[in-house]
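# Residue-level structure breakdown
Below, each chain spelled out in residue letters.
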Amino acid sequence: MRHRGGSSSIGLSIGKLLFSELLNAKHKSRWRIGNNIDQCNLCGKCELICSTNAITVSRQNKTWTLNNMRCNQCLRCIMSCPVHCLTQVRL
């Protein structure tokens, strides 16, 4: 039976279960974040905005690296890039 103004407890329980499995699952995405390094100015904004610390930028070594096991594909790095050198690439 559905209560007024709410959702069923079964639907809520299933939703919580699916969400927790999604968070705890190993990264099995068919996508990854790609960087056109020739276009990248190594500003580090993507590294600062990454909540999982998956991106490392070194201006000194002129490198940009992504740890795919840490990346949760939130795409915040792509949206924050001022030169639009980051893209989502299909594996």
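The coordinates are above.
Presented here is a report on the structure given in the accompanying data block. (Residues numbered from 1 in each chain as written. Predicted model: local features only at pLDDT ≥ 70, side-chain atom pairs only at ≥ 80, totals over all residues. Heavy atoms only, no water.)

### Observations concerning the overall build of the protein
Each helix and strand counted, the protein has three helices and four strands in total. Along the chain direction, N to C, the helices and strands of the protein fall in the order α-β-α-β-β-α-β. Taken across its 91 residues, the protein has 22% of its residues classed as buried. In the protein, once contacts between residues fewer than 6 apart in sequence are set aside, the share between residues at least 24 apart is 56%. Surface exposure of the protein reaches about 7200 Å², of which carbon and sulfur atoms provide 54%. (Helix = DSSP H or I, 4+ residues; strand = E, 2+ residues; numbered from the N terminus. Buried < 20%, exposed > 50% of the residue type's maximum accessible area, 1.4 Å probe, protein only. Contact = heavy atoms within 4.5 Å. Areas by Shrake-Rupley, 256 points an atom, 1.4 Å probe, with all protein chains shown as cover.)

### Here we look at unusual backbone geometry
Of all residues except glycine, most have a negative phi; of all peptide bonds, most are trans. One non-glycine residue, Lys62, adopts positive backbone phi at about 55°. Take Lys62: it is sitting in the loop between strand E2 (55-58) and strand E3 (63-66). We note that Leu75 has phi near 70°; this positive angle belongs to a residue other than glycine. Among the structural elements, Leu75 can be located in the loop between E3 and helix H3 (76-80).

### Description of the environment of Trp31
Examined against the element boundaries, Trp31 turns out to sit in strand E1 (residues 31-35). Separated by 37 residues in the primary sequence, Trp31 and Asn68 have C-alpha atoms spaced 9.6 Å apart.

### So, the environment of Arg76
Tracing the backbone shows Arg76 in helix H3. Arg76 sits in the partly exposed class, given a relative accessible area of 37%. Put simply, Arg76 and Cys50 are 26 residues apart on the chain and 7.0 Å apart in space, counted from C-alpha to C-alpha. With residues up to four places along the chain from it excluded, the contact list for Arg76 reads Ile49 and Ser51.

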